[in-house]
Amino acid sequence: MTSTYNTPLEPVFSFVAECLSSMERTFYKLPGSAIIERYVRSSHQNDPGRTLLELILFALVIRTLLQSRTRAERSAKNFIEFSDKEVDELVDEWVPEPLAQPLTEREEAELNFAPVIVGQSGPKPKLASTGKTVLNLSSLNFTNLAGNEVIKDKAIDALKKYGVGSCGPAGFYGTVDAHLDLERDIADFLGTEAAILYSQGFSTITSVIPAFCKRGDIIVADRSVSFPIQKGMQISRSTIRWFDHNDLKSLEDVLISLEKERKKRRAPLTRRFIVTEGIFEKDGAMADLPKLIELKTKYKYRLILDESFSFGTVGRTGRGLTELYNVPASKVDMLIGSVAIGLCAAGGFCAGTQFVVEHQRINGPGFVFSASMPPLLAVSGSEGINILRSSPSILESLHDNTRAARSILDRVEGITIPSHPASPMIHIQLKTPSTSSLHPAAAAHHPTKPSNPSSILPREASAWNWDIATEENILQDVVEEALAQGVLISKAQLRPSIRLTMTSGLTKKETEKAVGIVKAALQKVLSKRRW
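All values derive from a computational prediction rather than experimental measurement. (Residues numbered from 1 in each chain as written. Predicted model: local features only at pLDDT ≥ 70, side-chain atom pairs only at ≥ 80, totals over all residues. Heavy atoms only, no water.)

All right, on to the sheet that holds strand S11 (residues 415-416) then. The strand order across the open sheet formed by four strands is S11-S12-S15-S14, and the pairing between neighbours is antiparallel. At either end of the open sheet lies a strand with only one pairing partner, and these are S11 and strand S14 (490-492). The pairing of strand S12 (residues 425-430) with strand S15 (residues 497-501) spans four bridges and is classified as antiparallel. Residue pairing for S15: histidine 427 is matched across the bridge by arginine 499. Packing against the sheet, helix H18 (residues 393-409) makes contact with S11, S12 and S15, and its axis sits at approximately 15° to S12. (Pairing = 2+ DSSP bridges. Helix = DSSP H or I, 4+ residues; strand = E, 2+ residues; numbered from the N terminus. Contact = heavy atoms within 4.5 Å. Axes fitted to C-alpha atoms, helices over the stretch in contact; angles between N-to-C directions.)

Take a look at the structure:
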């Protein structure tokens, strides 16, 4: 005997069942419904928790789409009502925050002292304040290509042919044949498969590094790399480890420690790079390229070498460290140089294999998003390479002037020169009583204990007690004294030093005269200061 029990909720259950059945029939009429059904069944069977999470996310999406776009209350009951007069008074009283810190008294004095040049800058510019011609040891015109008449004529012809600007990024109608010609000329000049051109020198290395280095990759860099390199590594978000300045023993120690750490954690291999400069902007020191290549080959790293200050300045024909050390350019994975400094035009380049170059055409931020350099400057760069090829005497003159300058400065007491003897960029630092143990110039050459690879500061940094302000004032007095005697020099802003830049535009006698004046200015100022 079967009995039937009727409950008050039975009509509700029937209604819900009918609605669900209706929704199911409607769902299966939709295109692709069978695929969605299979996905949901498979997902729920393999991971029921995932189904719950997806339902929650779906509900949050619906809620976000339906809610108001602003959190402000429509009634505005918590808002303060201001009259028009009060609003005007608040606007008048508002003072914006300064964009930068106000200049100090010393900075204002240096800014007011900065000389103004009349006409074209060159080895012998004329000053607006006195009308006198001075010997220029401050411009990065190493091979005197700035103002070269042949280059000037080529640039004028290019200006008439192409106009002034490129009118767009390289990938969007900004590339003309002059840009491609310069890329081929650079690659052929250095002996690499290809080269890519950037329109700004600063953005070259800051684009190359993040184009290849990503989060999780490892970069091992010199502690004294330039600011553009530091920004490029920061943008890449890679893991950065530092080695002591121009100390390849420290570099090898860091490479060994990284490999031990990887094996200990059983971490997979990732992309690894060594980043350094050819001639360092901060002090003129020069990297040992053969040893760098030996280490990067031994420990399976890629080498990114920034030759912004060595391309066009060292080597028999200005090809940089690869020519100076007789090392094939193909041994360097990414070779970066400055067209602005080395060829007195504009922009920069990265030379390497065809793959390295083509990868940057879609991944290098400075190449993709920046307008191409003006074609007339690309033509100027190509002509500069032709001049370096056909006139090796230009580099011979530059190197003779560098040796002459060092022979004079090396005998001056009270200073130290961290720059390499072959570097045409010479930094002069003051030798303080604490140099033997505390000054950064000494710390780089007399390490006591291994530094922390995770910190950009060496271990000796905590013991430094050198007086930046005093050294800056002394060096500024030297700059002013030299200018009064007819020689234009400048201070380096990165650390207290005077930076002399040699040029082939001056004869050896003129260089000796100019450096002799700098020597006399140093001796005069230091004797007064009793430093």
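A few words on empty space enclosed by the protein. Tallied over the full model, the rule gives one cavity of 30 Å³ or more. Considering only enclosed or pocket space, the largest cavity measures out at about 40 Å³ in volume. Residue lining of the largest cavity: Gly122, Pro123, Asn136, Ser139, Asn141, Thr501, Met502 and Thr503, and that is the complete set. Split by residue class, the lining of the largest cavity holds two nonpolar, six polar and no charged. (1 Å grid on protein atoms, 1.4 Å probe; cavity = no way out; pocket = protein on both sides within 12 Å on 5 of 7 lines; lining within 4 Å. Points joined across faces, edges and corners; volume = space filled by probe spheres on them. Nonpolar A, V, L, I, M, F, W, Y, C, P; charged D, E, K, R; others polar.)

Now for helix H15 (residues 354-363). Listing the buried residues of H15 in full gives Val356, Val357 and Gln360. Seen from one end, H15 has its buried residues packed into an arc of 95°, which puts them on one side. In H15, the exposed residues that point more than 90 degrees away from the buried face are Phe355 and Ile362. (Buried < 20%, exposed > 50% of the residue type's maximum accessible area, 1.4 Å probe, protein only. Arc of directions from axis to C-beta.)

Let us look at the side chain of serine 451. Its location among the elements puts serine 451 in the loop between helix H19 (440-443) and helix H20 (468-484). Relative accessible area serves as the criterion here: at 12%, serine 451 is assigned to the buried category. Once residues within four sequence positions are removed from consideration, serine 451 is found in contact with Arg223, Asp244, Pro458 and Arg459.

Judged by pairing direction, the sheet is mixed, and its seven strands sit side by side in the order S4-S10-S9-S8-S7-S5-S6 without closing on themselves. Edge positions in the sheet fall to strand S4 (194-198) and strand S6 (239-243), since each has one partner strand and no second. Averaged over neighbouring strand pairs, the angle between their axes works out to 20° when direction is ignored. By the bridge criterion, five bridges tie S4 to strand S10 (residues 348-352) in an arrangement that is antiparallel. Paired with tyrosine 198 across the bridge in S10 is glycine 348. Relative to the sheet, helix H9 (residues 201-212) contacts S4, strand S5 (218-222), strand S7 (272-277), strand S8 (302-306), strand S9 (334-338) and S10, its axis offset from that of S9 by approximately 165°.

On to the pairing of S15, then. Of all five residues that make up S15, five are buried, and the element is covered over most of its length. Residue alternation in S15 divides its side chains into two sets, Ser497, Arg499 and Thr501 and Ile498 and Leu500, and both sets are buried. One ladder, built from three bridges, connects S14 with S15; its direction is antiparallel. Bridge pairing in S15 links lysine 491 to isoleucine 498. Remark: four residues form the turn of the hairpin made by S14 and S15, two consecutive strands paired antiparallel.

Where side chains of opposite charge bring their charged atoms close, a pairing between them can arise. Applying the stated rule across the entire model yields 23 salt bridges. Across the pair glutamate 110 and arginine 106 runs a salt bridge whose closest N-O atoms are separated by 3.0 Å. In this pair, glutamate 110 and arginine 106 are both assigned in helix H5 (residues 105-113), four residues apart and thus about one turn of the helix distant. Overall, the relative accessible area of 17% leaves glutamate 110 in the buried class. Residue class for arginine 106 comes out partly exposed when judged on its relative accessible area of 29%. Overlapping salt bridges bring together Arg106, Glu110, Glu472 and Lys491 as one network. (Salt bridge = Lys/Arg side-chain N within 4 Å of Asp/Glu carboxyl O.)

Here we take up the pairing of S5. Summarising burial for S5: five of the five residues are buried, a large majority. A two-sided burial pattern is seen for S5, the buried positions comprising Ile218, Val220 and Asp222 on one face and Ile219 and Ala221 on the other. What joins S5 to S6 is helix H10 (residues 227-236), and the crossover it makes is right-handed. With four bridges connecting them, S5 and S7 associate as parallel partners. What sits directly across from alanine 221, in S7, is valine 275. (Right-handed = clockwise from strand over helix to strand, strands pointing away.)

Following the criterion strictly, the structure yields four aromatic pairs and no others. Judged by centre distance (6.1 Å) and plane angle (85°), the rings of phenylalanine 189 and phenylalanine 311 are edge-to-face. In this pair, phenylalanine 189 sits in helix H8 (residues 177-190) while phenylalanine 311 sits in the loop between S8 and helix H13 (321-324), placing the two residues 122 residues apart along the sequence. Each member of the pair, phenylalanine 189 as well as phenylalanine 311, carries the same accessibility label: buried. Geometrically, the ring pair formed by tyrosine 198 and phenylalanine 367 is edge-to-face, given 6.2 Å between the ring centres and 75° between the ring planes. On the criterion of sequence distance, the pair formed by tyrosine 198 in strand S4 and phenylalanine 367 in helix H16 (residues 365-368) is long-range, its members being 169 residues apart. (Phe/Tyr/Trp six-rings, centres within 6.5 Å; stacked < 30°, edge-to-face > 60°.)

Before going further, it helps to examine the packing of H9 against H10. Contact geometry of H9 with H10 gives a least axis separation of 8 Å together with a crossing angle of 30°. Put simply, H9 runs roughly parallel to H10. The chirality of how H9 crosses H10 is right-handed. Contacts between H9 and H10 pair Phe202, Ile205, Thr206, Ile209 and Pro210 from the former with Phe227, Pro228, Ile229, Lys231, Gly232, Met233, Ile235 and Ser236 from the latter. Grouping the constituent residues of the contact of H9 with H10 by class yields nine nonpolar, three polar and one charged. (Parallel < 35°, antiparallel > 145°, perpendicular 65-115°, else oblique. Left-handed = near helix turned anticlockwise from the far one by under 90°.)

Here we come to the environment of isoleucine 205. In this fold, isoleucine 205 is placed in helix H9. Looking at isoleucine 205, the relative accessible area reads 3%, which means it is buried. On a C-alpha basis, the gap between isoleucine 205 and glutamine 485 in space is 38 Å, while along the polypeptide they are 280 residues apart. Contacts of isoleucine 205, omitting those with residues within four sequence positions, involve Pro210, Pro228, Ile229, Ile304, Asp306 and Ile336.

The next thing to look at is the layout of surface pockets. Roughly 370 Å³ of volume is contained in the second largest pocket. Every residue lining the second largest pocket is counted, 13 residues in all, and those nearest its centre are Ile36, Val40, Thr51, Glu54 and Leu55. Counting only elements with at least two residues in the lining of the second largest pocket, the list comes to helix H1 (10-29), helix H2 (33-46) and helix H3 (48-66). For the lining of the second largest pocket, the element with the highest residue contribution is H2, accounting for six residues. Residue classes in the lining of the second largest pocket are distributed as seven nonpolar, two polar and four charged.

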